[in-house]
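So the chains spell out like this:
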Amino acid sequence: MPPLRTEFLPFHRPTIGEDEIQGVAEVLRSGWLTTGPRVQELERVLKERLGCGDALALNSCTAALHLALVVAGVGEGDEVITTPYTFASTGETILYTGARPVFVDVEPSTSNLDPERIEAAITPRTRAISPVHLAGHPCRMDPILEIARRRGLAVIEDAAHAFGTTYRGRPVGALSRFTAFSFYATKNLTTGEGGLLACADADDAARARKLSLHGLSRDAWRRYAAGGSWAYAIEDLGYKYNLTDLAAAIGLAQLRRFDDEQAKRRERVGWYREALAGSDAFELPTDPEDGEHAWHLFILRLRPGTLSIDRDEFARRLQEARIGISVHFIPLHLHPLYRDRFGLRPGDLPVAEDLYGRAISLPLFPGMSRADVEYVAAAAHGIAAACRA
Ligand SMILES: *Cc1c(COP(=O)(O)O)cnc(C)c1O
């Protein structure tokens, strides 16, 4: 083992500079804190960057997923095909609509929804397919989009990890009818809390926009602006999902630096690859064949049969070495909510369960030094060497 660090190495630390602080200060001084000019600017810049029909800034990716489902017409008794290997949001938003998530197992090489298994899960109640670009690795979108087109299904991508991911030369966000991004505190681009719904169709976006603010006939910005009218009508059952200008100002500052930050992520992934090479106990994440990985997460897997300890013990020992780690994700069907409501059991989705059982997410953020990366790798090698099977 390397000599113990004195300072804890966090799993994640956001890159916040003077630019973010300045941007928020300007909003605070402007007299307009909530959805307004900064949000409009963020939406314009993101729409351009992604090349989508329209982009709607929201207060979370969860909100974006929910609105996409509602606008796609998913409701009571419907089914949505998705992956079990994801965060709570992907499943719960389907439940919000009264629909049922139908979990389809993932590919062993990418941990993403396996296109080959989708067709068999389609029933007359299926309305949508919701793939997740896990860790920022692009899903195989062409076969997914082809099935969706042929079967008349909406595609709603959970791109919480995939701001910066590309597939066959196009950014995730420009590929399907709906794409939901997260700007949560730990994500590659953050607004503290926030999200984005990228829509191919401007009418979908207009409908989502209305539902994001109580289903009102016009938004508050227009009501309170000079010359605005006080009158409004509640035309639909809506929600309260709008983003604030305070948050958007952080996002705009983050965006200006985003490509440099992504280059730093890729550099750190390269350092990990070098430093973790040479142990048969480790499986390293794969590089995509047909796109660019956003490297939101670096997930190390333990190879079965090589060690005398399990993942939980390996993770505990990394934490003992003052390294912040995480595990992504406990498959949704193993959680009591889904297990009990839908009668799901361990063994139902064996690939996702196997991948989860061997996974440890290592620290990965642009501010990590090469010494930080090498320390993590040395600790992992040290634990593996002490625990050979
Ligand atoms: C973070 C995350 C979300 C939720 O993002 P919020 O912006 O916090 O709502 C959804 N899906 C996945 C896969 C995530 O990791």
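Residues numbered from 1 in each chain as written. Predicted model: local features only at pLDDT ≥ 70, side-chain atom pairs only at ≥ 80, totals over all residues. Heavy atoms only, no water.

**Overview of the overall build of the chain**
Looking only at helices and strands, one finds 12 helices and 13 strands in the chain. Against the compact-globule benchmark of 21 Å for 389 residues, the chain has a radius of gyration of 22 Å, which places it among compact chains. Of the contacts formed within the chain by residues at least 6 apart in sequence, a portion of 71% connects residues at least 24 apart. When the accessible surface of the chain is totalled, it reaches about 16,400 Å², and 51% of it is carbon and sulfur. (Helix = DSSP H or I, 4+ residues; strand = E, 2+ residues; numbered from the N terminus. Rg over C-alpha atoms; globule rule 2.2 N^0.38 Å. Contact = heavy atoms within 4.5 Å. Areas by Shrake-Rupley, 256 points an atom, 1.4 Å probe, with all protein chains shown as cover.)

**Notes on the sheet that holds strand E7 (residues 170-171)**
An order of E7-E6-E11 is seen for the 3 strands of this open sheet, with the pairing classed as antiparallel. Strands with a single pairing partner mark the edges of an open sheet, and in this sheet they are E7 and strand E11 (291-292). Relative to E11, strand E6 (residues 166-167) runs antiparallel, the two being bridged by 2 bridges. Each residue of the ladder has a partner; that of Tyr167, found in E11, is Gly291. (Pairing = 2+ DSSP bridges.)

**Points about the sheet that holds strand E2 (residues 79-82)**
Read from one edge of the open sheet, 7 strands run E1-E9-E8-E5-E4-E2-E3, paired in mixed fashion. Strand pairing shows two members of the sheet lacking a second neighbour, strand E1 (54-58) and strand E3 (100-103), which therefore form its edges. Along the sheet, successive strands turn relative to each other by an average axial angle of 25 degrees, direction set aside. Two elements, strand E5 (residues 154-158) and strand E8 (residues 178-182), share 3 bridges in a ladder whose sense is parallel. In the sheet register, Asp158 faces E8, and the bridge partner there is Ala180. Helix H3 (residues 61-71) contacts E1, E2, E5, E8 and strand E9 (195-199) of the sheet and is inclined by roughly 165 degrees relative to E8. Along the sheet, helix H6 (residues 202-212) contacts E1, E8 and E9; its crossing angle with E1, the most-contacted strand, is approximately 15 degrees. (Axes fitted to C-alpha atoms, helices over the stretch in contact; angles between N-to-C directions.)

**Overview of the domain arrangement of the chain**
Along its sequence, the chain is organised into domain 1 (18-254) and domain 2 (258-386). Taken together, the 39 residues of domain 1 in the interface contact 35 residues of domain 2. Both sides of the domain 1 and domain 2 interface together cover about 3,000 Å² of buried area, and 61% of this is carbon and sulfur. Interface area lost by domain 1 to domain 2 is led by Tyr85, Phe103 and Asn188, which between them contribute 22%. (Domains from an automatic or database assignment. Buried area = accessible area lost by both parts, 1.4 Å probe.)

**Details of the nonpolar core**
Membership of the largest hydrophobic core comes to 39 residues, with the highest contact counts inside it found for Leu42, Ile81, Ile118, Ile129, Phe163, Phe181 and Leu196. When residues of this core are traced back to their parent elements, those giving at least two are helix H2 (37-50), E1, helix H5 (141-151), E9 and helix H8 (245-276). In this structure, Val269, Trp295, Phe314 and Ala384 belong to the second largest nonpolar core, which totals 33 residues. (Core = buried A, V, L, I, M, F, W, Y, C linked by side-chain atoms within 4.5 Å. Buried < 20%, exposed > 50% of the residue type's maximum accessible area, 1.4 Å probe, protein only.)

**Quick word on the site of the ligand**
Close to the ligand lie 15 residues; Thr62, Asp158, His161, Ser182 and Lys187 are nearest. Between the ligand and the protein, one listed contact pairs an oxygen atom with a side-chain N or O atom of Ser182 at 2.7 Å. Lys187 places a polar side-chain atom, nitrogen or oxygen, 3.2 Å from an oxygen atom of the ligand. Isolated, the ligand exposes 390 Å² of accessible area, and the fraction of that covered by the protein chains is 92%. (Near = heavy atom within 4 Å. Polar contact = N/O pair within 3.5 Å; in protein donor to acceptor, adjacent residues only side chain to side chain.)

**Thoughts on the state of the cysteines**
Taken as a whole, this structure holds 0 disulfides when the rule is applied. Left unpaired, Cys199 is separated from the closest cysteine sulfur, that of Cys52, by 7.5 Å. (Disulfide = S-S within 2.5 Å.)

**Notes on helix H12 (residues 370-386)**
When the terminal C-alpha atoms of H12 are compared, their 24 Å separation across 17 residues agrees well with the 24 Å that a helix rising 1.5 Å per residue should span. Those residues of H12 that sit buried are Asp372, Val373, Tyr375, Val376, Ala377, Ala379, Ala380, Gly382, Ile383 and Ala384. Tucked inside the fold, the buried residues of H12 contact H8, strand E10 (282-283), helix H9 (311-320) and strand E13 (359-362). (Expected span 1.5 Å × (residues − 1).)

**Let's talk about the packing of aromatic side chains**
For the structure shown, the criterion picks out 10 aromatic pairs. For the pair Phe163 and Phe258, a centre-to-centre distance of 4.9 Å together with 65 degrees between the ring planes defines the contact as edge-to-face. With Phe163 in the loop between E5 and E6 and Phe258 in helix H8, the pair connects residues that are 95 residues apart, well separated along the chain. Just as Phe163 is buried, Phe258 falls in that class too. Every member of this aromatic cluster is reached through a ring pair, and the members are Phe163, Phe181, Phe183 and Phe258. When the ring centre of Tyr375 is taken as reference, the NZ or CZ atom of Arg5 above it lies at 5.4 Å. Its guanidinium or amino end placed over the ring of Tyr356, Arg311 lies 4.7 Å from that ring's centre, counting from NZ or CZ. (Phe/Tyr/Trp six-rings, centres within 6.5 Å; stacked < 30°, edge-to-face > 60°. Lys NZ or Arg CZ within 6 Å of the ring centre and 35° of its normal.)

**What about the environment of Thr93?**
Relative to the elements of secondary structure, Thr93 occurs in helix H4 (residues 88-96). The class for Thr93 is buried, based on a relative accessible area of 1%. In sequence terms Thr93 and Ala63 are 30 residues apart; their C-alpha atoms lie 8.1 Å from each other. Not counting residues within four places of it along the chain, the set of residues in contact with Thr93 comprises Thr62, Leu65, His66 and Leu69. Among the polar contacts made by the side chain of Thr93, one reaches the main-chain carbonyl oxygen of Ser89 at a distance of 2.7 Å.

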